[in-house]
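# Fold and geometry: a report
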Amino acid sequence: MDHATHVFASVFPVPSLSHTTPTPVATPDLGYTAPDVSFGSPFTQNAGGAQQRAAKRLVAWSTATRFLSLHESHGRSLRRSREVDGALHYLLVGEGKSQDGEAREEEGLVEWYTNEARIHFAGSVRPGLRELWEKEIKLRDAWDLLEKMQRMLEQIQALYIQPFNDHILPFLHEDASSITIRASRDVQAVEAELVEGAKAKFARDIHAAFAHSLPRKRFSKTLSYILYDAGCRLFRFYNRHDGVETPSTPEPTRAVRERMTNLLSSLERVGLGGDNAQKAFAHAMNKLLDTFISSHYLKVDWYSKKPVVPDLKSWIENGFVPLVELVMECLRCNDGEVQPMQLKAWQEMGLVRLGRARVEELFNFVIYWDRSLGAILDLKEYLKLNGAKEHLRASFSRQVSSRLLHPGATTTYILNVYISIIRAFHRLEPKGVLLQSVARPIRRYLKEREDTARIIISSLLIDVDDENSGKFTSSGDLSYEIASEMSKPFAHSEAADDEFNWNDMDWQPLPHDASPEYKKSKVEDVIYFLLTLWDREDFINELKNILGDHLLRCQDLEYQKEIRLLELIKIRLGEDKLQACEVMLRDVLESRRINDTIRTAAMASTPHNQNPHTPEGRGARTPQPHRPTTSAPSHHILSTPRHKPTSNEPTLNAQILSSFFWPILRDDEFRVPAQIESLQKAYESRFERIKGMRKLRWMNALGDSTITLEFEDRKEEFAGLTMWQVSVVYAFQPQPSEEWVGKGKGKSQGVTRNVEQLEEMLDMDEGLVRQALAFWVGKSVLRLTSPDTYTVIERLSSATTADDNAAAAASELAEVQAAQTTTVKSQADLLNERKDVYMSFVIGMLTNQGNLGVQRILMMMRMMVQGGFPFGPEEVRGLLGEMESTEKVVSLGGDVWGIKKM
Amino acid sequence: MALSTGTRANGGAATVAQRLQKELMDIMTHPTPGITAFPDDENMTRWTATIDGPANTPYASLVFKLSMEFGATYPYAPPTVLFKTPIYHPNVDMSGRICLDILKDKWSAVFNIGTVLLSLQSLLGEPNNASPLNGQAAELWDKDPAEYQRLVLARHKTPEELDAGGL
């Protein structure tokens, strides 16, 4: 409408200017004269009454609507003219009021106005809103956007509501009072109720229009984000899920809180609260909980080792719930109070989330046990919930199988982790049911590893307090964990049976998932779990081998650790099985006594006549065996002698071993230096005297000795040598027959020998000779002069760089070889060595007994082979496989084998 | 091995089982071609042996199973040896009993499983026709080698056939 029209219209109201004028004002319809009625009488109104009213109403309608029309809002601030007043009154209170009853063909003014507002909103506001929402909303703009929109809506709402309040409500009021004038009830209240009802209905209608104009999903998402954002800021989260960086300086939480409450309550005012907003808030809550847990509680308290569950619970109670209440209040929820039940449910929800997150990391916690105690305690709390155990079990088993039970993990590592698992799970669930089920795959896997038993037993024998303990943590074969576990005092289980201890106030029933026959083992420590990995027999076999090796190398003459270990194992496995080990231990202890006796006897009776050659008389250098060890069996006695450096004369100590009980030992044959041999003879004869003619068999390869070598320019002492090393270097002593050669060639020229000569002189295997030569080259005692030929380095000054290099290389080699040399024959060696015999056993068996299964073969082997068959089905299968490849036997399927027919 | 010899010499009470175990070990460490023997079960007193028929005899390329049973007085008394495989031979009767002097009065404690089986193997090629258990066989051995061969093959059963027969 242009200005001119307006001016005109203000003077001559032109109804056609607006749609609100349904009929022209000018020609009121006076109705028709009904038949048989006198025409034109002004009193004949009864027939035309309706028409009269209609016409009048139309006029009033026109006036009222024109006045209320939102399209002419410019002029609305005008007060109501009398005319308008009359029209409104007529329409809302007077005769023109639309009937609520049956016939509603007439549109009520209130409805019309509502509609009008809707149409106006659709026409002029909605496009603006749509534009607002059409763009992508940046997270940081979300607040502004919502606020802007809210302001806009609030404005428009005021625009709509004000005329309603000003011009319609008073009449409604009047109307209400006229209706209820005779009501017996409190007139005022009923009046107010009616009016409020109309008002609320209008507001509701407008709000519905607002709500429909918004993209509902995007709105609730944005709102949800706003709430989340506010939550994050209020609780100062970092590590938010939406990737928004947390400002380094904390914002004032009060401002955030105010902004949020303002926004929420004003949104509520324009009708955007309610269910939708509540749903959005629920989303936000959910996310908040997650974020909170991941930002505050996923961190494990590594130092004070405290659980975070109590904190979490108190946060939910004192931080989360108030926020929820605040928001609910802003959104005018019906019941803004959080019920205690709900609080508990939320705490549980929080716990579940925390627990799940923790379970995902459980393997790491186990590895970092016991610094991760806090996390484990959290999990303990989590386990109280329904379904938590199953989840933990499944998840942890998955982690274990993907991270632990693969070929890349060393056995030591697996053992260490297993120990951590035992400890951690013991804390997690003291009854051990959970441990039992998660440990099952690990135990099964450990059993399959060949070196498990060896590592466990060797580790048990290690001295933790040893100065070089640093060394063995780095070496892969020993587990420091086991060793330290071993050094703990042995806790005897005092209570005979917990289940019958009625005074136990901490008694707990078994967890519901324990099997009926589940019985918690009484002995609790880690060693127990390790020792029960195998069948007793297998374990004891391995124990025998390792203990034997260990006893022979042991330097502690009291054998305290060994005694302790044996006692410990006895408690676990029963005494009866450990007879052999006990005999071994007794042997070494006994040997000391025998040595003392024999030495005293030797001192007393034959002083200084044992050594026919004094070192001084022997020329340039003299090997001087201090503690050569050899071992000798009598009927059932082996011995390992040792020498004590008493004087220049060699001395000899023996260890007498009962061969029947010891594992099969190395018994390489070679000739020992003459001095030692004579000592052995003397020892033997004395021993026979003491022990009633029992015979000794010397096992030279097991000895260890200390010698001093004298060169032209130096004197060196070597300790801890093996006998073959001593024998080889002794062989470089000039023989009486060739002494003149040494003299003739001049002093600086050392004795030269080649490998073949040495083999012949010493009756020694070539392998051993070479090993010993490498050792001495490494010690700069010998020098390789030409292939297979070695010369003594008589003067160090004559040593060249080449010697040094060779020495370095050789000493490395010697070290490697020494590491491979054990006193006890390994299983694999044994199997290889006796393979032929075993094979003919198998052939004999299959030929005469027909086709047999592996188990049966194994059983027969165990019974029939003299000296025992210390192998399992795997080795038997290996043998059979090898024989199959040479076409001696044939697999008949199902683990059954037969002789291959020619 | 010094251990075991010593024990036996001293004690004299070495059980039959120990002696048999030693013999088993000897057989296994020094197997004789064409001869094997193995205990039936853990108590070692019953064995099954297998010998191949010697070449250039009617028994060439045939395989014979025998059962051996050792009494409590072994090695001072001979084991009871029977052919389990049906055999046509002058010195073996229809139920497998054997007539061999070293298994009867000529037994000596120096014999062992290996020597007994070797003797039996050679008995196949050189029957003692002077004291036959199977007179027909003793007669045919010299007179009609072809018929002898036929009867040997007719009577023989392979170990598989024996098993199938429910032995």
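For chain B, an unreviewed UniProt entry supplies the name Ubiquitin-conjugating enzyme E2 2 and the organism Lentithecium fluviatile CBS 122367. According to its UniProt record, chain B has this under Sequence similarities (unreviewed entry): "Belongs to the ubiquitin-conjugating enzyme family."

Chain A is annotated in an unreviewed UniProt entry as Anaphase-promoting complex subunit 2 of Lentithecium fluviatile CBS 122367. Per UniProt, chain A carries the Sequence similarities (unreviewed entry) text "Belongs to the cullin family."

Residues and elements named next belong to chain B. Judged by pairing direction, the sheet is antiparallel, and its four strands sit side by side in the order S1-S2-S3-S4 without closing on themselves. Edge positions in the open sheet fall to strand S1 (35-39) and strand S4 (80-83), since each of these has one partner strand only. On average, each strand axis in the sheet is inclined to that of its neighbour by 20°, with strand direction left out of account. Pairing of strand S3 (residues 63-69) with S4, which is carried by four bridges, proceeds in the antiparallel orientation.

Turning next to the interface of chain B and chain A. Each partner contributes to the interface: chain B provides 22 residues, whereas chain A provides 20 residues. Note on chain B versus chain A: buried area summed over both sides is about 1900 Å², and carbon and sulfur give 62% of it. Linking chain B with chain A are zero salt bridges. Summed over the shared surface of chain B and chain A, the number is nine residue pairs in polar contact (both at pLDDT 80 or more). Broken down by secondary-structure element, the contributors of at least two residues to the side of chain B that touches chain A are helix H2 (16-29), S1 and strand S2 (46-52) of chain B. Ranked by the residues each element gives to the side of chain B that touches chain A, the list is headed by H2(B), at seven residues. Residues that form the side of chain B that touches chain A fall into these classes: 10 nonpolar, six polar and six charged.

Residues with a pLDDT of 70 or more make up 69% of chain A, whose mean pLDDT is 71. Confidence drops under pLDDT 50 across residues 467-475 of chain A; counting only partners more than four residues distant or on other chains, this segment forms seven contacts.

Let us look at helix H21 (residues 536-553) of chain A. Look at H21(A): 25 Å from first C-alpha to last across 18 residues, which is about the 26 Å you get at 1.5 Å a residue. Taken residue by residue, H21(A) has Phe539(A), Ile540(A), Glu542(A), Leu543(A), Asn545(A), Ile546(A), Leu547(A), Gly548(A), Asp549(A), Leu551(A) and Leu552(A) as its buried positions.

A few words now on helix H31 (residues 835-849) of chain A. All names here are of chain A. In this model, H31 (15 residues) spans 21 Å end to end at C-alpha, consistent with the 21 Å of a helix rising 1.5 Å per residue. By the criterion of burial, H31 is predominantly enclosed, with 11 of the 15 residues buried. Looking at H31, one finds that the buried residues are Lys835, Val837, Tyr838, Met839, Ser840, Phe841, Val842, Gly844, Met845, Leu846 and Asn848. Looking one or two residues beyond H31, the residue adopting positive phi is Gly850, at roughly 80°.

All right, on to the sheet that holds strand S9 (residues 852-853) of chain A then. Residues and elements named next belong to chain A. Pairing is antiparallel in the open sheet, where three strands are placed in the order S9-S11-S10. Strand pairing shows two members of the sheet lacking a second neighbour, S9 and strand S10 (889-891), which therefore form its edges. In this structure, S10 lies alongside strand S11 (residues 896-899), joined through three bridges in antiparallel fashion. Looking at the pairing, Ser891 lines up with Trp897 of S11.

What follows deals with the packing of helix H4 (residues 135-143) of chain B against helix H5 (residues 145-155) of chain B. Residue and element names in this part refer to chain B. Relative to each other, H4 and H5 sit at 135°, their axes nearing to 6 Å. With respect to each other, H4 and H5 are oriented oblique. Mapping the contact onto sequence places Gln136, Ala137, Leu140, Trp141, Asp142 and Lys143 in H4 and Pro145, Glu147, Tyr148 and Leu151 in H5. Of the residues that constitute the contact of H4 with H5, the class distribution is six nonpolar, one polar and three charged.

We now examine the UniProt feature "active site" (unreviewed entry) in chain B. Residues and elements named next belong to chain B. Mapped onto the present numbering, the UniProt feature "active site" (unreviewed entry) falls on Cys99. The residue Cys99 is located in the loop between S4 and helix H3 (113-125) in this model. Cys99 gets classed as partly exposed once you look at its relative accessible area, which sits at 26%.

With that settled, the discussion passes to the pairing of strand S7 (residues 782-786) of chain A. Residue and element names in this part refer to chain A. Direction of pairing for S7 relative to strand S8 (residues 789-792): antiparallel, over a ladder of four bridges. Note on S8: the bridge partner recorded for Ser786 is Thr789. Between S7 and S8, which pair antiparallel one after the other, the connecting turn spans two residues, and Asp788 there sits at a positive phi close to 65°.

Below, the discussion takes up the environment of Arg440(A). In this structure, Arg440(A) sits in helix H16 (residues 433-448). For the pair formed by Arg440(A) and Ser397(A), sequence separation is 43 residues and the distance between their alpha carbons is 9.6 Å.

Quick look at the nonpolar core now. Membership of the largest hydrophobic core comes to 160 residues, with the highest contact counts inside it found for Met149(A), Tyr160(A) and Phe425(A). The element best represented in this core is helix H5 (residues 142-179) of chain A, accounting for 14 residues. Mapping this core onto the domain boundaries places at least three of its residues in each of domain 1 (55-97 + 107-213) and domain 2 (216-355) of chain A. In this structure, Val854(A), Val81(B), Val116(B) and Leu117(B) belong to the second largest nonpolar core, which totals 66 residues.

Calculation rules
- Residues numbered from 1 in each chain as written.
- Chains lettered and ligands numbered in written order.
- Predicted model: local features only at pLDDT ≥ 70, side-chain atom pairs only at ≥ 80, totals over all residues.
- Heavy atoms only, no water.
- UniProt positions renumbered as here; feature names shortened; annotations may be inferred.
- Pairing = 2+ DSSP bridges.
- Helix = DSSP H or I, 4+ residues; strand = E, 2+ residues; numbered from the N terminus.
- Axes fitted to C-alpha atoms, helices over the stretch in contact; angles between N-to-C directions.
- Contact = heavy atoms within 4.5 Å.
- Buried area = accessible area lost by both parts, 1.4 Å probe.
- Salt bridge = Lys/Arg side-chain N within 4 Å of Asp/Glu carboxyl O.
- Polar contact = N/O pair within 3.5 Å; in protein donor to acceptor, adjacent residues only side chain to side chain.
- Nonpolar A, V, L, I, M, F, W, Y, C, P; charged D, E, K, R; others polar.
- pLDDT = per-residue confidence, 0-100.
- Expected span 1.5 Å × (residues − 1).
- Buried < 20%, exposed > 50% of the residue type's maximum accessible area, 1.4 Å probe, protein only.
- Parallel < 35°, antiparallel > 145°, perpendicular 65-115°, else oblique.
- Core = buried A, V, L, I, M, F, W, Y, C linked by side-chain atoms within 4.5 Å.
- Domains from an automatic or database assignment.

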